Each structure stands twice: as C-alpha cells, then as structure tokens.
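Fold and contact review
These are the residues of each chain, in order.
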Amino acid sequence: MAGHSKYKNIMYRKGAQDKKRSGMFSKLSREITVAAKMGLPDPDMNPRLRMAINAAKAQSMPKDNIQRAVDKASKSDTENYEEIRYEGFGPGGVSLIIEALSDNRNRTATNVRIAMTRNGGNMGASGAVSHAFDRMGLINYPASAGDAEKVFEAALEAGAEDVSSSDEGHEIWTANDALHEVVTALTPVLGEPEGAKLAWRPQTMVEVGEEDAVTLFKLIDALDDDDDVQTVWGNYDVSDAILEKLG
C-alpha cells in the first residue's frame, strides 16, 4: 500500500467547483434525492444517502436544503433520474469519464457532445477509456484530520488499499465493495469524511503541458456547467507550476 501516490488531478480542481456554489448545491441535491429514492430515506440505514449528505455538509449546504432533497424522493411527481456514464478524450491524449444524473438522456447526451466538440474533445464509445481505469472507493478527509502518518495507519487498519496525502488533504482508496466498510472503521478515528464515493482511478497518468491544460480546463468547465453532469474523472497530471500559472 503506497503512501504518497499522486492522484490530485483525477477529479477536477475543487477550487473551481467551490466558486460555483449554487450549481454545486443543485448537483448535491440531485444525488441526495436519487440516493434517498433508491434506498431508505434514513441515512443511518442507507450508506449512499449518508455519504451524499456528508458531502453536502462538507460544502456548507444548509440543513433545510438537505432535508428538502431527502423529502423530494418520496413525492410522486419527482423526476426519475438515470445514472449515465460517457467516455471520451480530451486535449493532450487525456482520457475522460463523465458521470451524469439525468431525467432526459437525449438532452444530456447532446449537451455533453457539444461541450466536448467545442473544447477540443472527442466522444468515445462505451468502454473506450474505462478499461484503463479501476473502479474503486474514494474517501476524502481534510488536512486537519491528522498528519500523513496518522491517516496512513488508520487507513491501513481499516482495510484501505492506498492513501495519498498532501497539504490540501487526504485521499483514501478502497476496493470497490469495501467503501462503506472502510468509512465505518475510519469514522471513530478520523471523524466523518468530507466525501466518500465510488470513483474512477486511472492505471496510468498523462502529463499535460500548459497549452493543452488551458483547453482541457475549458472543456471540464463546460462539462461542469451542465446541471446533469455530476463528476468528471480523467487521467491528466498537470504540474503544480502550470496550475499556479493558470490560477
């Protein structure tokens, strides 16, 4: 189990998402509603709902908004959201996996395709890039949860497979089917995580230069602006120097 793997770039920069708080709340609400509808509306009995609510709390989403999203699941006129995955390629040979929750498959597919083609990307068929990623559990903790050694030891004891720590926080990777078990074991030691979800972890990373990075981030911005798109995963590795330069 490696302690210092570098995967900070596989999910798009948190800072950029934080600036879009209203859009983020919409996405978080949608995930809460879907989670509540797929299982029990009680977070203690529904791991996916518990994780969705924890993620919302980590982004300071008001309690009233969270409760409304839970309550919405029991209403008969609630939209039926479908989980959809798109795969494609971005600038610099980057592979992208786009996860969406949509009540209109045609609309979402059209919007994703337009965002890709206008920003240097290309859509791929199902399975075009996912074979180069591993489906795993990802648990996020803030840096304040503890130093790298404490988090590493706690994760190892809990049955995690890998840990990546930086000044920004800790990423703990688990087997696909062990996510909730590891979260349950970590919570008494490190507290509630900022987020815990199934993720796509690339088997190899692609280094992206400055010019391609500019286009790539425009593409991911365009995708992230779509209410239906929940998460964009990729195998891009952009150096700290370029990230700083791009702001």
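Residues numbered from 1 in each chain as written. Predicted model: local features only at pLDDT ≥ 70, side-chain atom pairs only at ≥ 80, totals over all residues. Heavy atoms only, no water.

A look at the sheet that holds strand β3 (residues 122-124)
- The strand order across the open sheet built from 4 strands is β3-β1-β2-β9, with neighbouring strands paired in antiparallel fashion. Sheet topology places β3 and β9 (229-234) at the edges, where each strand pairs with a single neighbour. Across this sheet, the average inter-strand angle for adjacent strands is 30 degrees, counted without regard to direction.
- When strand β1 (residues 82-90) meets strand β2 (residues 94-102), the two strands line up antiparallel, connected through 9 bridges. Within the sheet, the bridge partner assigned to Glu82 lies in β2 and is Ser102.
- Contacts from helix α8 (residues 210-224) reach β1, β2 and β9, with the element oriented near 10 degrees to β2. (Pairing = 2+ DSSP bridges. Helix = DSSP H or I, 4+ residues; strand = E, 2+ residues; numbered from the N terminus. Axes fitted to C-alpha atoms, helices over the stretch in contact; angles between N-to-C directions. Contact = heavy atoms within 4.5 Å.)

Structural notes on helix α5 (residues 105-118)
- Helix length check: α5, at 14 residues, gives a terminal C-alpha distance of 20 Å against a target of 20 Å (1.5 Å per residue), a fit within 8%.
- Those residues of α5 that sit buried are Thr108, Ala109, Val112, Ala115 and Met116. Along the long axis of α5, the arc covered by the buried residues comes to 135 degrees, so they all point the same way. Exposed and facing more than 90 degrees away from the buried side of α5 are Asn106, Thr117 and Arg118.
- For α5, the secondary structure elements touched by its buried residues are β1, β2, β3, α8 and β9.
- Looking at where α5 begins, the residue whose side-chain oxygen comes 3.3 Å from the main-chain nitrogen of Asn106 is Asn104.
- Once α5 finishes, Gly120 follows within two positions and takes phi at roughly 75 degrees, a positive value. (Expected span 1.5 Å × (residues − 1). Buried < 20%, exposed > 50% of the residue type's maximum accessible area, 1.4 Å probe, protein only. Arc of directions from axis to C-beta. Polar contact = N/O pair within 3.5 Å; in protein donor to acceptor, adjacent residues only side chain to side chain.)

Comments concerning the nonpolar core
- Among the nonpolar cores identified, the biggest contains 23 residues, and Leu96, Ile98, Leu223, Tyr236 and Val238 are the most heavily contacted of them.
- Contributing elements (two or more residues each) for this core: β1, β2, α5, α8, β9 and α9 (240-246).
- Broken down by element, the residue count for this core peaks at 6 residues, all from α8.
- If you look at the next biggest cluster of nonpolar residues, it comprises 18 residues, including Tyr141, Ala158, Ala178 and Leu186. (Core = buried A, V, L, I, M, F, W, Y, C linked by side-chain atoms within 4.5 Å.)

Regarding the sheet that holds strand β4 (residues 133-141)
- Taken together, the 4 strands give an open sheet; going across it, the order is β5-β6-β4-β7, and neighbouring strands pair in antiparallel fashion. Of all the strands in the sheet, the pair left with one neighbour each is β5 (162-166) and β7 (195-202). Taking each pair of neighbouring strands and ignoring which way they run, the sheet shows an average axis angle of 30 degrees.
- With 8 bridges joining them, β4 and β7 adopt antiparallel strand pairing. Pairing of Phe133 across the sheet is with Pro202, part of β7.

A few points about the packing of aromatic side chains
- Across all of its chains, the model carries 1 aromatic pair by this definition.
- On the basis of an interplanar angle of 80 degrees and a centroid distance of 6.3 Å, the ring pair of Phe217 and Tyr236 is categorised as edge-to-face. Of this pair, Phe217 sits in helix α8 while Tyr236 sits in strand β10 (residues 236-237); the two residues are 19 residues apart in sequence, bridging distant segments of the chain. Both residues of the pair, Phe217 and Tyr236, count as buried.
- It is Arg201 that lies over the ring of Trp173; its NZ or CZ is 5.0 Å from the centre. (Phe/Tyr/Trp six-rings, centres within 6.5 Å; stacked < 30°, edge-to-face > 60°. Lys NZ or Arg CZ within 6 Å of the ring centre and 35° of its normal.)

Considering unusual backbone geometry
- Of note, the phi angle at Ser60 is positive, near 60 degrees, even though the residue is not glycine.
- Given a relative accessible area of 56%, Ser60 falls into the exposed group.

Some details on the pairing of β4
- For β4, the tally of buried residues reaches 7 of 9 residues, placing the bulk of the element in the interior.
- Looking at chain direction, β4 and strand β6 (residues 169-174) are connected through 5 bridges and run antiparallel. Residue pairing in the sheet places Asn140 in a bridge with Glu171 of β6.

Considering the side chain of Asp228
- In this structure, Asp228 sits in the loop between α8 and β9.
- There is a polar contact of 2.8 Å between the side chain of Asp228 and the side chain of Arg107.
- Those residues in contact with Asp228 that lie beyond four places of it in its chain are Arg30, Glu99, Ala100, Leu101, Ser102, Arg107 and Thr108.

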